[in-house]
Every structure is written in C-alpha cells, then in structure tokens.
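Observations on chain architecture
Listed below, chain by chain, are the residues.
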Amino acid sequence: MADSPLARWRRRSLRFRLTALAAVALVLAFGVSASTLMMVLGRSLMDTVDETTRQHAQAVRAQADSGTLTDPITTQDGTIVQVIAANGRITHGTYGADRLVPLLPAHDRRRAQSHENARFRDGEPYGIPGPLRVVVVSGDDGITVLAARPVAEIEKSLIVAGRVLFVGTPLLVAFLAGASWLIIGRTLRPIAALRKGAAEITHTARSRRLPVPEARDEVHSLAVTLNDMLARLEGAESRQRALVSDAAHELRSPLASIRLQLEVALGHPEGQDWRETAEGVLEDTLRLSRLAEDLLALARLDERGGRLARNEPVNLEEVVRQVVERYGEARLTACEPVVVRGDALDLSRVLTNLMDNAVRHATGKVEVALRADGELTVSDDGPGIPEQDRERVFNRFTRLDDGRGRDEGGAGLGLAIVRETVRAHGGTVHLEDAAPGLRAVVRLPPAA
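Residues numbered from 1 in each chain as written. Predicted model: local features only at pLDDT ≥ 70, side-chain atom pairs only at ≥ 80, totals over all residues. Heavy atoms only, no water.

Overview of the overall build of the chain
Inclusion rule: In DSSP terms, a helix is any run of H or I states spanning at least four residues, a strand is any run of E spanning at least two, and both are numbered starting from the N terminus. Here the globule rule reads 2.2 Å times residues to the power 0.38, and the radius of gyration is calculated from C-alpha atoms. Think of it in three bands: residues with accessible area under 20% of the maximum for their type are buried, residues over 50% are exposed, and the middle band is partly exposed, with areas taken using a 1.4 Å probe on protein chains only. Here, two residues are considered to be in contact whenever any of their heavy atoms come within 4.5 Å of each other.
Looking only at helices and strands, the chain has nine helices and twelve strands in total. The globule rule puts the C-alpha radius of gyration for 448 residues at 22 Å, and the 50 Å found for the chain is more than 25% above it. With respect to the principal axes defined by its C-alpha atoms, the chain has extents near 155 × 50 × 45 Å. Considering the chain as a whole, with its 448 residues, one finds that 36% of them fall into the buried category. The contacts of the chain with a sequence gap of at least 6 include a subset with a gap of at least 24, amounting to 56%.

This is the structure in structure tokens:
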C-alpha cells in the first residue's frame with residue numbers, strides 16, 4: 001500500500017518542512033501583495049487620468065457658458081473634446097474629433113452624468129489605438145461636454161509592471177527560500193550538536209554532558225534540562241550500584257555464617273548440637289529476612305521517586321499507640337490527636353524502625369511522645385551518637401564503629417528508610433542529644 005502524502009511529508013526533515021512552509025507562505029504573501037499592488041496601481045492611474053480629463057471638460061464648459069469657446073478647441077495633451085448642444089448636435093470639438101458621432105450615445109451620457117463616473121470607449125472609430133476614457137460634464141442651456149483621453153499607455157505600463165512582478169516574484173521567493181534554508185540550518189545546528197553529543201554518551205562515558213549553546217533560547221533550555229536529567233540518571237545509577245554492592249556485602253556475612261554452621265554440622269554429625277545449629281541458622285535467616293525487607297522498602301521508595309504510595313488522612317495517634325503497644329519496655333509519655341496525610345503502613349514502619357533502634361540500645365528506658373503539631377519523638381537512655389555522626393547515620397548501610405552503631409541485628413538501612421519515608425510525607429527527621437541517650441525527632445505537617 002502506497003504511503004499517503006501526509007505520511008511522506010512527516011518523514012521529511014524538520015529543516016525541509018520549515019523551509020517548504022516558509023516558501024509557501026512567501027508565495028501566498030507575494031501573490032496577494034502583487035495582486036493588490038496591480039489593482040491599486042491601475043486604480044490610481046485611472047483616477048489620475050479621469051481627474052485630468054474632467055478638469056479639461058470643466059474648463060471647456062466654463063468657456064462655453066461664457067461664450068468664449070473657440071472652434072476647433074485646442075488642448076495640449078491630446079485630449080479629445082466634443083461639445084453637444086441640447087438638440088444632440090455637435091457644435092464644437094478638438095482638431096480631428098468626429099463632428100457627427102458623439103463619443104458616447106445619449107443613454108450612456110445620461111448614465112455617466114447621474115453617476116459622475118468615467119466610461120470606457122473603443123478608440124478605433126476615432127483613429128486612436130486602444131480604449132478611451134470618457135468624462136461627461138453638463139453645462140448651461142442643456143449643453144454637454146465630452147472629454148476623452150487614450151489609456152493605452154496606462155495599460156502598457158500595467159502589463160510591464162505585471163511582467164516584472166511575474167518574473168521577479170519567483171526569483172525573490174527562491175532567494176528567500178534559500179536564505180531560509182541556510183538560516184533554519186544554522187538555527188537547528190545546536191540541535192544537531194545535541195543529537196551528536198547524545199549519540200556519544202554510552203555506558204562507558206556516563207559522566208559526559210550535552211553541549212549547551214550560548215544563546216539563551218529554547219534549545220539552551222532543552223540542553224540544560226537534558227543535562228539535569230543525565231545528572232539525575234547518573235546519580236540514580238550510582239546509588240543503585242552502591243546499593244547492590246552494599247547489599248551483596250551485607251548478604252555475604254549471614255550466608256557465610258549459615259554455610260559454615262551447616263558444613264560443620266554435616267562434617268561432624270556425631271558431636272553436633274543440632275538444636276544449637278538450628279537456632280544459629282534461624283538467627284542468620286531472620287537477619288537475611290530483615291535485610292530483604294529493608295532492601296524491598298528502599299527499592300519501592302526509589303521506584304516511586306519520592307511520591308507516596310497512598311495519600312489519605314492518617315490518624316497518627318492511633319498508629320503510634322498500636323506500634324508502642326508491641327514494645328513492653330516503651331512508655332508513651334504524651335499522645336495528642338493529630339491527623340496527617342500519607343500512607344499509614346509507611347508511617348508505622350517509620351516508628352517501628354525508630355523503636356527497634358531505641359530498644360536495641362536503651363539501658364532501661366524508651367519514651368515516645370506525639371504532639372498535636374505533628375512532632376513525634378522517640379528517646380532512649382543508651383550510649384547516644386556523637387554530634388558529628390548524627391547526620392551520617394541516615395545514609396544507607398552506615399554503621400558506626402562504636403557499640404551504638406555496630407549492632408548485630410542492623411544493616412544500616414533503618415534510619416535511611418525513615419528519612420526517605422518522612423521526606424515523601426513532606427516532613428523532616430533529625431537526631432539530638434537526650435542527656436543521656438538519643439532522641440529521634442520526626443516532624444510531619446498536619447492535614448489541613
């Protein structure tokens with residue numbers, strides 16, 4: 001099946017289509033302009049001839065009314081004049097003018113007088129090549145003055161002007177189309193540079209950026225936007241590689257422990273305490289399970305790009321009470337009613353991670369408080385975290401070297417999940433000194 005003209009047109013280059021559209025627009029514009037020019041020029045020349053001829057006719061009428069009219073009538077520019085009496089007889093005329101047949105019949109004369117406009121008349125019967133432009137002026141005692149002037153020269157001038165426009169307009173259109181082709185090509189050159197730069201970016205040159213043109217135009221904005229996108233993609237890829245690397249490193253320890261315990265048990269089955277082996281394998285399996293859950297949570301957060309899975313009203317007081325009830329050593333010091341917008345499961349996970357972290361390091365006291373302005377605090381009386389490390393622990397797979405951070409159960413993902421989840425809910429989270437211990441402070445915006 002043959003392609004339609006529209007399909008073939010769409011396959012053309014942008015430069016060709018823009019140039020073709022510009023050429024068509026120029027042809028239409030010049031065509032309308034040339035037609036208008038010819039009409040205005042022809043009308044202007046005819047009006048000039050009519051005005052001059054009417055002035056001659058009015059001068060002859062004034063002479064006839066005053067009785068000073070000579071015969072033959074003399075004119076300087078070749079205007080033909082006839083003076084017709086009330087009885088229809090030609091009484092005066094210019095040299096060579098017909099003395100028997102008027103320039104216009106009686107009914108044409110009456111029509112020209114009523115409308116005050118000139119009439120065309122063939123000049124061949126009067127020995128004049130081409131048409132005549134005849135003007136009728138009425139005088140006293142019923143006389144009528146007819147004045148005529150040949151317009152063959154005007155028609156020739158219009159024909160010459162039309163030929164010049166007919167030949168010159170296509171040349172001008174071709175010249176402007178060529179100029180448009182060059183200008184559009186130069187305008188699209190930055191886009192070609194962007195395409196070439198994009199083609200050179202491969203998996204081995206991810207840090208390269210597209211060339212940004214100097215002109216502050218739409219192409220410049222496009223290049224800046226694309227470079228920002230490449231920077232975000234590079235950052236996301238770097239984070240993904242780091243996550244995979246760190247996850248592989250964290251998975252290695254429990255898997256190696258499970259393998260070692262099983263190999264020892266199978267190598268010396270007669271002296272092996274299988275219950276102890278099962279408990280050790282179960283502990284490492286639970287650690288793997290928690291790590292897998294944390295990795296899945298981070299993957300979902302990254303996939304959503306900071307957006308919420310659900311955005312609905314959440315009774316934060318109810319969420320806090322349900323989570324705290326699962327921890328017997330925790331005490332709820334304040335729990336004021338507050339409603340926020342977000343995902344109840346994600347907010348529950350935030351508090352659970354903070355509670356797990358606090359219970360794991362507390363000496364004997366864990367306190368939770370919720371205020372009506374959306375501030376949630378979780379405090380413990382453990383060893384705390386040095387001030388210079390309180391921001392760093394929110395990074396993924398970050399564990400401190402002291403007893404607070406280097407616990408056996410965590411992989412350094414809990415606080416990272418907390419921060420990204422809180423940010424997705426439009427809130428903030430930070431750590432501060434509880435004297436003694438550590439306090440995690442989460443601030444969520446209450447629902448309007």
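Section: the environment of Ala192
Summarising the element assignment, Ala192 is placed in helix H4 (residues 152–200). As a C-alpha pair, Ala192 and Ala309 span 117 residues in sequence and 40 Å in three-dimensional space.

A word on the pairing of strand S12 (residues 438–443)
Where we set the bar: A pair of strands is labelled paired if DSSP reports no fewer than 2 bridges between them.
By the bridge criterion, six bridges tie strand S10 (residues 375–380) to S12 in an arrangement that is antiparallel. By the bridge assignment, Thr377 is partnered in S12 with Val441. Turn length for the strand S11 (residues 428–433)-S12 hairpin, with the two strands adjacent in sequence and antiparallel, is four residues, and the turn residue Ala435 shows positive phi of about 45°.

Observations regarding the pattern of salt bridges
Opposite charge on two side chains lets them pair, provided their charged atoms get close. Rule in force here: A pairing counts as a salt bridge when a side-chain nitrogen of Lys or Arg comes within 4 Å of a carboxyl oxygen of Asp or Glu.
By the definition in use, this model includes 13 salt bridges. Between Asp343 and Arg310 there is a salt bridge, and its shortest N-O distance comes to 2.9 Å. With Asp343 in the loop between strand S8 (339–342) and helix H8 (344–361) and Arg310 in the loop between helix H6 (274–304) and strand S6 (312–315), this residue pair connects regions lying 33 residues apart in the sequence. Asp343 sits in the buried class, given a relative accessible area of 3%. Arg310 sits in the partly exposed class, given a relative accessible area of 36%. Ionic pairing is found between Glu367 and Arg331, a salt bridge with its closest N-O pair at 2.4 Å. With a gap of 36 residues between them, Glu367 in strand S9 (residues 366–370) and Arg331 in strand S7 (residues 330–335) connect regions that are remote in the sequence. Residues joined by salt bridges that share partners form a network here, namely Arg371, Asp373, Glu375 and Arg443.

Points about the packing of H6 against helix H9 (residues 414–424)
Basically, it comes down to this: Here, axes are lines fitted to C-alpha atoms. For helices the fit covers the stretch in contact, and angles between N-to-C directions go from 0 to 180 degrees. Oblique is the label for any angle not under 35 degrees, not over 145, and not in the 65 to 115 range, which are roughly parallel, roughly antiparallel and roughly perpendicular in turn. Crossing handedness is defined as follows: a turn of the near helix away from the far one that is anticlockwise and smaller than a right angle gives a left-handed crossing, while the clockwise case is right-handed. Side-chain classes are defined by residue name, with Ala, Val, Leu, Ile, Met, Phe, Trp, Tyr, Cys and Pro counting as nonpolar, Asp, Glu, Lys and Arg as charged, and the others, Gly among them, as polar.
Running from N to C, H6 and H9 point in directions that differ by 30°, and their axes come no closer than 10 Å. As judged from the angle between their axes, H6 and H9 are roughly parallel. When the axes of H6 and H9 are compared, the crossing they make is left-handed. Each of Asp294, Ala297, Leu298, Leu301 and Asp302 in H6 lies in contact with H9, whose residues at this interface are Ile417, Glu420 and Thr421. Classifying every residue of the contact of H6 with H9 by side-chain character gives four nonpolar, one polar and three charged.

Looking at unusual backbone geometry
Each neighbour pair has its own omega, and for Asp71 with Pro72 the value is 5°, a cis peptide bond. Here Pro72 is to be found in the loop between helix H2 (14–66) and strand S1 (80–84). A cis geometry characterises the amide bond from Ala435 onward to Pro436, with omega recorded as 0°. You can see Pro436 is positioned in the loop between S11 and S12. Positive phi outside glycine occurs at Ala435, with the angle close to 45°. By relative accessible area, which is 63% here, Ala435 ends up exposed.

Things to note about H4
Defined as follows: By this rule, a helix spans an expected 1.5 Å times one less than how many residues it contains. Across the chain, bend at a residue is computed as the angle between axes fitted to the seven residues ending at that point and the seven starting from it.
Counted at 1.5 Å a residue, the expected span for H4 with its 49 residues is 72 Å, and the 70 Å between its end C-alpha atoms agrees. Where H4 bends most, at Arg189, the angle is about 40°, and the proline Pro190 comes one to four residues later. Burial in H4 covers these residues: Ile154, Leu158, Thr169, Val173, Ala177, Ser180, Ile184, Gly185, Leu188, Leu194 and Gly197.

Geometric descriptors of this kind do not, in isolation, establish any biological role.
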